[in-house]
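Residue strings, one per chain:
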Amino acid sequence: MSAQNKTESSYLMKSFTPYEEKEGEEYMNEQQLAHFSAILRNWKQELMEEVDRTVTHMKDEAANFPDPADRASQEEEFSLELRARDRERKLIKKIEQTLTRIDEDDYGFCDACGVEIGIRRLEARPTATLCIDCKTLAEIKERQVGG
């Protein structure tokens, strides 16, 4: 699993109510799109609040320690926080791209083969652009090329 996927899955809020599909309901109808739009907007808001907390924390905790070990520890802590926020910044961009796909009626279908990605997969990973089969195949290819 890539660092981006780890960040995505660790920050995806679990406080939404799963969508209840109705028999004969059209895939990616207005209600489903509204459901995923709300999930994505709430997730983005949570990430933005985390960024604000980090900025406040770094301002409040910034100190010029005379001891080099203390200063190095603080710099390492800040470095880790900044790296996490950078991953979140990339995730926010991905969420925004996904919201654009919803607005353009291009959400919920696999970019590779065009089949439905599926409600449950999208609830697990709302920014998914590949169905589970194409994603699995892409990961196998990635492992073969990557080593």
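Residues numbered from 1 in each chain as written. Predicted model: local features only at pLDDT ≥ 70, side-chain atom pairs only at ≥ 80, totals over all residues. Heavy atoms only, no water.

Regarding the packing of helix 2 (residues 30–61) against helix 3 (residues 68–103)
Line of reasoning, step 1. Between helix 2 and helix 3, whose axes approach to 10 Å, the crossing angle comes to 160°. As summarised for this structure, helix 2 and helix 3 are arranged roughly antiparallel, according to the angle between their axes. Judged by the twist between their axes, the crossing of helix 2 over helix 3 is left-handed.
Line of reasoning, step 2. A breakdown of the residues in the contact of helix 2 with helix 3 according to their chemical character gives 15 nonpolar, five polar and 10 charged. (Axes fitted to C-alpha atoms, helices over the stretch in contact; angles between N-to-C directions. Helix = DSSP H or I, 4+ residues; strand = E, 2+ residues; numbered from the N terminus. Parallel < 35°, antiparallel > 145°, perpendicular 65-115°, else oblique. Left-handed = near helix turned anticlockwise from the far one by under 90°. Nonpolar A, V, L, I, M, F, W, Y, C, P; charged D, E, K, R; others polar.)

Notes on the packing of aromatic side chains
Line of reasoning, step 1. Tallied over the full model, the rule gives two aromatic pairs.
Line of reasoning, step 2. An angle of 85° between the planes, with centres 5.2 Å apart, marks the rings of Tyr27 and Phe109 as edge-to-face. Within this pair, whereas Tyr27 is found in the loop between helix 1 (3–11) and helix 2, its partner Phe109 is found in the loop between helix 3 and helix 4 (119–124), the two being separated by 82 residues in sequence.
Line of reasoning, step 3. For Phe109, a relative accessible area of 31% corresponds to the partly exposed category.
Line of reasoning, step 4. For the ring pair Phe36 and Tyr107, a centre distance of 5.6 Å and an interplane angle of 55° mean the geometry is tilted. In this pair, Phe36 is assigned in helix 2 and Tyr107 in the loop between helix 3 and helix 4, connecting sequence segments 71 residues apart. With respect to burial, Phe36 and Tyr107 carry one shared label: buried. (Phe/Tyr/Trp six-rings, centres within 6.5 Å; stacked < 30°, edge-to-face > 60°. Buried < 20%, exposed > 50% of the residue type's maximum accessible area, 1.4 Å probe, protein only.)

Examining unusual backbone geometry
Line of reasoning, step 1. Unusually for a residue other than glycine, Met28 sits at a positive phi of about 60°.
Line of reasoning, step 2. Met28 gets classed as buried once you look at its relative accessible area, which sits at 8%.

Everything listed here is a matter of geometry and, on its own, says nothing about what the molecule does.
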